[in-house]
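Remarks on the overall topology
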Amino acid sequence: MKEVPLLPSVQAFLERDHGNFIDGQFVIEASAEKIPVINPDTGNVISYIRNSSASAINDAVQSSLTSFRGKWAETSPYQKGMIINKLADLLEQNSEELAQIETLCSGKSIHLSRAFEVGQSAVFLRYYAGWATKINGETITPSLPSFNGEKYTAFTRREPVGVVAGIVPWNFSVMIGIWKIASALVTGCTVVIKPSEFTPLTLLRVAELAIEAGVPAGAFNIVNGNGRAGQELISHPGVSKVTFTGSVPTGISVAKGAMEANLTRATLELGGKNPAALLHDVDAELAVQGLITTAYVHQGQVCASPERIYVHRSRIDEILEKLSKGLAQLKIGSPMDESAQFGPLANSGHFQKVKNYFDIARKESEIICGGESLGGRGYYVQPTVVLAKSSNDTLLREEVFGPITTFLPFDTDEELISLMNDSPFGLTASLWTNDMSKALRLIPRIEAGTVWVNTHTFLDPSVPFGGVKASGMGREFGGAFIDDYTELKSVMIRY
Ligand code: NAP
């Protein structure tokens, strides 16, 4: 095992006293409770943050309000796009430093941190930057008749809603943060982000780079802390929109809190229990490789990844055998080891939760491979495959958000659709088949925000993403996000 050597700048960053980033500066609240940041690979404390007080949260929102009405409002759409592009450049120039900080907090493989948390974040930033100059209303010809020869014309304006509060989970703390920051800034909003207390560090460094890129002080602030800090942020009267990514129960509490505080609009990207359907003609090699790379990447802690796998009865034995063999070859090891393919879970609470699902699987279902935690340091478990006894098995109903796929055979297309839709969630789904005619007929019947064919968890900035049913409200990416970050103002002129 050979771990990537820690950059001196990363060591120095970890040793800093961390708090918030408000109005272009790091701010430490000396009296605030300290929260330890733990490396999931070792279980050791690597740094501390502060649990923001109501007063610090108020400072952050006020600073974002000032920037919204001042510097950021005065920045032209062209300049906004240039600044966001520059931030993308700076992310890439500081890629290794950002990736190492993120891997140490989250347990994400250093490859994934480099490729997604930094590389894909830069791709998304550049995509969003292009929208800055394309946020337009429309001209309308009013429909009522003129009574005395007067005429009317009308147009709409897309105006930024104001200060956005963004609540970010621990699984992709930079990339999901960037989706929210970029959506807010290109539409002319300003933004206060609350990262998860488990992965609070990397966005602080991104905020520093944003200032270097030319984002005016206050347009992008960060408040750290736990759920209480998040609740105070979303209910602040200066906040005009909440964008939340996380679990269903917290999402409901956030939406209620925002609504009760100020009728604040909220978009919610929530959990999933995503089905993948392997039809009778499935290409077994392609599907098994696809499941290994999408269901087990980042130890399965990906909202869009497949957890319920329905396989045509004629192919299930072959698929289970190939998948078990493939998973046995994954090299488990430290996320800072470039040769490791599978690392630890992100935190101790989540580790306990996944181990509990192993116990449930042992009682209710059949474990085909894996199903154990690994002794020794950190929060490691085995990649696991479960065969359900029926569609009522807990492992087919509850989101694990970990490296467990649960299989069930099906016989007919009607049965398949009924199984796929038999869930309160509706985030993503996939069909694995070469029969495109069948796939195109099944797609409209699947209750999910995204359906992939012969792939899964493939997010592209130009393709809208979000959930139906309990998986959320609203869409990110494409042009779909613009409606959520702007108000439509109608203007009518008599002449
Ligand atoms: P979580 O417990 O709901 O937390 C999400 C964020 O909300 C964290 O920053 C958390 O802070 C904060 N929070 C907790 N309680 C809060 C409250 N009362 N008010 C305001 N904020 C509060 O979710 P998680 O465990 O971090 O993430 C896993 C879940 O997110 C899974 O269900 C996964 O499917 C979902 N997810 C969905 C998407 C999507 O795009 N649909 C993407 C990624 C993840 P602390 O962490 O400090 O408690």
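Procedures and definitions
- Residues numbered from 1 in each chain as written.
- Predicted model: local features only at pLDDT ≥ 70, side-chain atom pairs only at ≥ 80, totals over all residues.
- Heavy atoms only, no water.
- Axes fitted to C-alpha atoms, helices over the stretch in contact; angles between N-to-C directions.
- Helix = DSSP H or I, 4+ residues; strand = E, 2+ residues; numbered from the N terminus.
- Left-handed = near helix turned anticlockwise from the far one by under 90°.
- Contact = heavy atoms within 4.5 Å.
- Nonpolar A, V, L, I, M, F, W, Y, C, P; charged D, E, K, R; others polar.
- UniProt positions renumbered as here; feature names shortened; annotations may be inferred.
- Buried < 20%, exposed > 50% of the residue type's maximum accessible area, 1.4 Å probe, protein only.
- Lys, Arg positive; Asp, Glu negative; His and termini not counted.
- Salt bridge = Lys/Arg side-chain N within 4 Å of Asp/Glu carboxyl O.
- Pairing = 2+ DSSP bridges.
- Near = heavy atom within 4 Å.
- Polar contact = N/O pair within 3.5 Å; in protein donor to acceptor, adjacent residues only side chain to side chain.
- Areas by Shrake-Rupley, 256 points an atom, 1.4 Å probe, with all protein chains shown as cover.
- 1 Å grid on protein atoms, 1.4 Å probe; cavity = no way out; pocket = protein on both sides within 12 Å on 5 of 7 lines; lining within 4 Å.
- Sits in = over half its atoms within 2 Å of the grid points.
- Domains from an automatic or database assignment.

1. Description of the packing of helix 5 (residues 95–106) against helix 6 (residues 110–131)
- Contact geometry of helix 5 with helix 6 gives a least axis separation of 8 Å together with a crossing angle of 120 degrees. Remark: the crossing between helix 5 and helix 6 carries right-handed chirality. Contact residues: helix 5 offers Ser95, Glu96, Leu98, Ala99, Gln100, Glu102 and Thr103, while helix 6 offers Ile110, Ser113, Arg114, Glu117 and Val118.
- Taken together, the residues of the contact of helix 5 with helix 6 sort by class into 4 nonpolar, 4 polar and 4 charged.

2. As for the UniProt feature "domain: Aldehyde dehydrogenase" (unreviewed entry) in the protein
- Mapped onto the present numbering, the UniProt feature "domain: Aldehyde dehydrogenase" (unreviewed entry) falls on residues 29–491.
- Here residues 29–491 runs as 40% helix and 20% strand, with 46 Å between its end C-alpha atoms.

3. Description of the side chain of glutamate 269
- Its location among the elements puts glutamate 269 in strand 11 (residues 265–269).
- Arginine 475 is the oppositely charged side chain nearest to the buried, salt-bridge-free glutamate 269, at an N-O distance of 5.9 Å.
- Sequence-distant contacts of glutamate 269, defined by excluding residues within four places in its chain, comprise Phe244, Thr245, Gly246, Leu427, Phe465, Gly466, Gly467, Ser471, Gly474, Arg475 and Glu476.

4. Details of the sheet that holds strand 6 (residues 152–160)
- The antiparallel open sheet is built from 3 strands, whose spatial order is 5-6-20. The strands lining the two open edges of the sheet, one partner per strand, are strand 5 (139–140) and strand 20 (486–494).
- Across 2 bridges, the pairing between strand 5 and strand 6 is antiparallel. Looking across to strand 6, one finds that threonine 139 is bridged to phenylalanine 155.

5. What about the site of the ligand?
- Around the ligand lies a shell of 32 residues, among which Val168, Glu197, Ser247, Leu270 and Glu399 are the nearest.
- Here an oxygen atom of the ligand sits 3.2 Å away from a polar atom, N or O, in the side chain of tryptophan 170.
- One nitrogen or oxygen atom from the side chain of glutamate 197 is found 2.6 Å from an oxygen atom belonging to the ligand.
- Here the ligand loses 88% of its free accessible area of 900 Å² to cover by the protein chains.
- Of all the cavities here, the one that holds the ligand is the largest pocket.
- Residue composition of the shell around the ligand, grouped by class: 14 nonpolar, 14 polar and 4 charged.
- Of the residues that make up the shell around the ligand, three or more belong to each of domain 1 (8–270 + 472–491) and domain 2 (274–460).

6. Structural notes on the sheet that holds strand 12 (residues 274–278)
- An order of 14-15-16-13-12-17-18 is seen for the 7 strands of this open sheet, with the pairing classed as mixed. Pairing within the sheet leaves two strands with one partner each, and these edge strands are strand 14 (366–369) and strand 18 (450–453). Across the sheet, the mean angle separating the axes of adjacent strands is 25 degrees when strand polarity is ignored.
- In the sheet, strand 12 pairs with strand 13 (residues 306–312) via 5 bridges, with the strands oriented parallel. Note on strand 13: the bridge partner recorded for alanine 277 is tyrosine 310.
- Taken strand by strand, helix 13 (residues 348–364) contacts strand 14, strand 15 (384–387) and strand 16 (404–410), and its axis lies near 115 degrees from that of strand 14.

7. Focus: the UniProt feature "active site" (unreviewed entry) in the protein
- The feature "active site" (unreviewed entry), as given by UniProt, occupies Glu269 in the numbering adopted here.
- A residue is classified by how much of its surface remains accessible, and glutamate 269, at 7% relative accessible area, is buried.

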